[in-house]
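Secondary and tertiary structure notes
Residues per chain, in single letters:
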Amino acid sequence: MAAPPPRFVFFVVFCITIGGLLFGYDTGVISGALVVIEKDWDLNITQKEFIVGGTTLGAIVGGLFAGYFADTWGRRIITFLSSVVFIVGALIMTFSNHYSVLICGRVVVGLAVGAASMVVPMYIGELAPKEFRGRLVTLNVLAITGGQLIAYLIAWALTDVHNGWRWMFAISVFPALVQLCCLPWLPESPRVLIKRGQEDKARAILHRVYGQNMPESIVEDELESVHQSMRMENASRYRDLLRPINLQPLIVACILQLMQQFSGFNTAMYYSATILQMAGFSSPKSATQFSIAIAATNMVMTIVAIIIIDRFGRRKLLLISFAGMIAGLILLGIAFIFIVGLVKITKDNCSEYVKCGACALDDRCGWSSGSSVCTFKDDTMFGELTRSCESITTRDKVGTWLALASLIFYVALYAVGLGNVPWLIQSEIFAQGIRSKAGSLATATNWVCNFIISVTFLTMTLHITASGTFWLYAGILLLGLCFVFLMVPETKGLKLEDVQRLFTGNHRPYRRSVAVPKAADSDEASDTGNGATRHRHNDDDDGGSSGDEAMDWRRDNSTRIQGHSGALAGPSNATSSTSSGYQAKPFKPTAVVKTDGR
């Protein structure tokens, strides 16, 4: 069992993951702020959807271009810029006095959130020791869920305060300021430094990452792995993503990000207070209060994922997560049949709605609690009208509590797998030369799908009913479950440069025998550009003991990859230079000592 990483690593990860905290806070705060803004500004469904979707629209742009600038300027500079932009956007939202100004602030914040969502997991993945990479990258997801929980608590406290929604946005400035104060002590990614030709600085950072007591050979091994990856992907362009060796991992990353959003999870976060009001929690205060339980579940189960992800593996957690979420969404749809019924919210007359939940979904209508009648909002015959529904009958109460329980179950299964594994896999499966470019495309896919979901959820509940909407998400997840089973490999315990070999040859993730790269001696490497591979039993897929996990330094050294540059990058000049000034080291075959008995 490897020793824990030095405190320096935890400090660096803490500073970087503040970006994740800001991401989560913005996701959570809009849920509570929206029910208050809706009342103050009398918003319709389309306006509410675009207030929510404004951030995701900005994040599409931020995530798409962050990869290019992260390669050009480095991970550290992009982290700095995202903090500054977030502060500007938060201030615009705080002092907005019109719907369009608020939308502008949401878009500006989205630029920062999109950049951070792409750079943070990549930054951590390149700094973290391999044995702890899964847990440390997943800490970013923990920061996101922590930000969501903090946002719900603040929204609950400020719901009844005059202009409370402005304070909700203003508070988000402080974490960004903390990150700005931490940045002077953050190192640049060793991979970026090597690309710039600053190998001595990269070696010094790796010594701090792995600990001063770690043998020099371990640091040299890591440096050589990076050099070899750069050699194979030297001078890459976006068109290189279409090469088979790069296209398959790109498809995997993009589909996982698509599934993360089309699972409907962010509708549960963006609209949780609205959903719970529809489900029978009568006031914005009570709906926001129960939303805290959802956010707390998300955070607790993310902690569970951090503990088990490097033991159980990425693939197994994804399969469990997909199956559980499907069950949760089916139950949630059943609950809404009790509450709303299978009613399309397209009636000509409000009186045609016989349930409060259906009445509350129609912007034109309000519910008279005293008369149990739905009528137009400007109708004064029935006295004060409300769009908050209180469960009265036993059937309504069963639906209300089933909705809350199934929503919590759904969120728990999301957090343990689909909520964090796509970001982790995205930080692992791409070759160094195209890692930023491919990562930015996958992140942009996430945000495009996020935007689609956020601006269509309320509309879909009108046209295909709330139950139909949740069941549609369940059907999409069923397709995702099949995709994960057939296409997503296990990456646990492999070096970043070794993971790429899982996408060569005839590897099939659902088989227990997984092709793992084998070191070839220099003679073999000269005979064939593909090198040699060996097959071993993959305990990651069936929960093998922790003693067989790839956490031993000696085993890591026994899986050094040599002679594969022809297979992965095609013919290339090992000493060619990129425009960034990186000069690849000449390849030096090294002897392989097998210490694991194989």
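Residues numbered from 1 in each chain as written. Predicted model: local features only at pLDDT ≥ 70, side-chain atom pairs only at ≥ 80, totals over all residues. Heavy atoms only, no water.

Thoughts on the overall build of the protein chain
- Helix and strand counts for the protein chain come out as 26 helices and 4 strands.
- Sequence separation of at least 24 residues holds for 79% of the intrachain contacts in the protein chain that already meet a minimum separation of 6. (Helix = DSSP H or I, 4+ residues; strand = E, 2+ residues; numbered from the N terminus. Contact = heavy atoms within 4.5 Å.)

Points about the pattern of salt bridges
- As enumerated under the stated definition, the model contains 9 salt bridges in all.
- A salt bridge links Arg 75 to Glu 126, with the nearest nitrogen and oxygen atoms 2.7 Å apart. With a gap of 51 residues between them, Arg 75 in helix H4 (residues 75-94) and Glu 126 in helix H5 (residues 99-127) connect regions that are remote in the sequence. Each of the two residues, Arg 75 as well as Glu 126, counts as buried.
- For Arg 203, the salt bridge identified is with Glu 199, shortest N-O distance 3.2 Å. Remark: Glu 199 and Arg 203 occur in helix H10 (residues 199-210); sequence separation between them is 4 residues, near one turn of the helix.
- Connected via shared salt-bridge partners are Glu 199, Asp 200, Arg 203 and Glu 220. (Salt bridge = Lys/Arg side-chain N within 4 Å of Asp/Glu carboxyl O. Buried < 20%, exposed > 50% of the residue type's maximum accessible area, 1.4 Å probe, protein only.)

Remarks on the packing of helix H1 (residues 7-16) against H5
- At a minimum axis distance of 10 Å, the contact between H1 and H5 shows a crossing angle of 170°. As summarised for this structure, H1 and H5 are arranged roughly antiparallel, according to the angle between their axes. In contact with Val 12, Val 13 and Ile 16 of H1, H5 contributes Val 120, Tyr 123, Ile 124 and Leu 127. (Axes fitted to C-alpha atoms, helices over the stretch in contact; angles between N-to-C directions. Parallel < 35°, antiparallel > 145°, perpendicular 65-115°, else oblique.)

Things to note about helix H22 (residues 466-487)
- With 22 residues, H22 ought to run about 32 Å at 1.5 Å a step, and its terminal C-alpha atoms sit 32 Å apart, in line with that.
- Where H22 is concerned, the buried positions are Ala 466, Ser 467, Gly 468, Thr 469, Phe 470, Tyr 473, Ala 474, Ile 476, Leu 477, Gly 480, Phe 483 and Val 484. (Expected span 1.5 Å × (residues − 1).)

Focus: the environment of Val 88
- Within the element layout of this structure, Val 88 appears in helix H4.
- Here Val 88 falls in the partly exposed class, since its relative accessible area comes to 41%.
- Put simply, Val 88 and Ala 112 are 24 residues apart on the chain and 9.7 Å apart in space, counted from C-alpha to C-alpha.

Regarding the nonpolar core
- Formed by 156 residues in total, the largest nonpolar core has its most connected members in Phe 169 and Leu 318.
- Residue contributions to this core peak at 14 residues, all from H5.
- Residue contacts for Leu 318: discarding those within four places in its chain leaves Leu 256, Gly 417, Leu 418, Val 421, Pro 422, Ile 425, Val 484 and Val 488. (Core = buried A, V, L, I, M, F, W, Y, C linked by side-chain atoms within 4.5 Å.)

Topic: the packing of aromatic side chains
- Evaluation of the coordinates by the stated rule reveals 8 aromatic pairs.
- Where Phe 50 meets Phe 451, the ring centres are 6.4 Å apart and the plane angle is 70°; that geometry is what we call edge-to-face. In this pair, Phe 50 is assigned in helix H3 (residues 45-73) and Phe 451 in helix H20 (residues 435-454), connecting sequence segments 401 residues apart.
- Residue Phe 451 is classed as buried on the basis of its relative accessible area, which comes to 17%.
- Here the aromatic rings of Phe 336 and Phe 470 are separated by 5.4 Å at their centres, their planes lie at 55°, and the arrangement is tilted. With Phe 336 in helix H16 (residues 314-339) and Phe 470 in helix H22, this residue pair connects regions lying 134 residues apart in the sequence.
- In this structure Phe 470 comes out as buried when scored by relative accessible area, which is 3%.
- Three or more aromatic residues joined by ring pairs make a cluster, and in this case those are Trp 41, Trp 165 and Phe 169.
- A cation over an aromatic ring shows up here: Arg 208 above the ring of Phe 8, its NZ or CZ 3.9 Å from the ring centre. (Phe/Tyr/Trp six-rings, centres within 6.5 Å; stacked < 30°, edge-to-face > 60°. Lys NZ or Arg CZ within 6 Å of the ring centre and 35° of its normal.)

Some remarks on the state of the cysteines
- Going through the model one piece at a time under the given rule, you end up with 1 disulfide.
- The disulfide partner of Cys 350 is Cys 365, and the gap between their sulfur atoms is 1.9 Å. Between Cys 350 and Cys 365, the disulfide has an S-S torsion of -80° and is therefore left-handed. Here Cys 365 lies in strand E1 (residues 365-368) and Cys 350 lies in the loop between H16 and helix H17 (356-361), a separation of 15 residues in the sequence. Pair check on accessibility: Cys 350 and Cys 365 agree, each one buried.
- Cys 181 takes part in no disulfide bond, and the closest cysteine sulfur to it belongs to Cys 182, at a distance of 6.9 Å.
- In this structure Cys 181 comes out as exposed when scored by relative accessible area, which is 54%.
- Sulfur of Cys 254: no disulfide; nearest cysteine sulfur belongs to Cys 449 and is 9.0 Å away.
- For Cys 254, a relative accessible area of 16% corresponds to the buried category. (Disulfide = S-S within 2.5 Å.)

Topic: the confidence of the model for the protein chain
- Predicted confidence across the protein chain gives a mean pLDDT of 76, with 77% of residues reaching 70 or more.
- This stretch, residues 512-598, has a pLDDT under 50; its non-local contacts, to residues over four places away or in other chains, come to 160 contacts. (pLDDT = per-residue confidence, 0-100.)

A look at the packing of H3 against H4
- Here H3 crosses H4 at 125°, and the two axes come no closer than 7 Å. When the axis of H3 is compared with that of H4, the two are oblique. Of H4, the residues touching H3 (which contributes Phe 69, Ala 70, Asp 71 and Trp 73) are Arg 75, Ile 77, Ile 78 and Leu 81.
- Here the residues of the contact of H3 with H4 sort into 6 nonpolar, no polar and 2 charged. (Nonpolar A, V, L, I, M, F, W, Y, C, P; charged D, E, K, R; others polar.)

Focus: unusual backbone geometry
- One non-glycine residue, Asn 163, lies in the positive phi region at around 60°.
- Assignment of secondary structure puts Asn 163 in the loop between helix H6 (133-158) and helix H7 (164-170).
- Asn 163 sits in the partly exposed class, given a relative accessible area of 30%.
- Here Thr 465, not a glycine, exhibits a phi torsion of approximately 75°, which is positive.
- Tracing the sequence through the fold places Thr 465 in the loop between helix H21 (457-463) and H22.
- Overall, Thr 465 belongs to the buried group, its relative accessible area being 5%.

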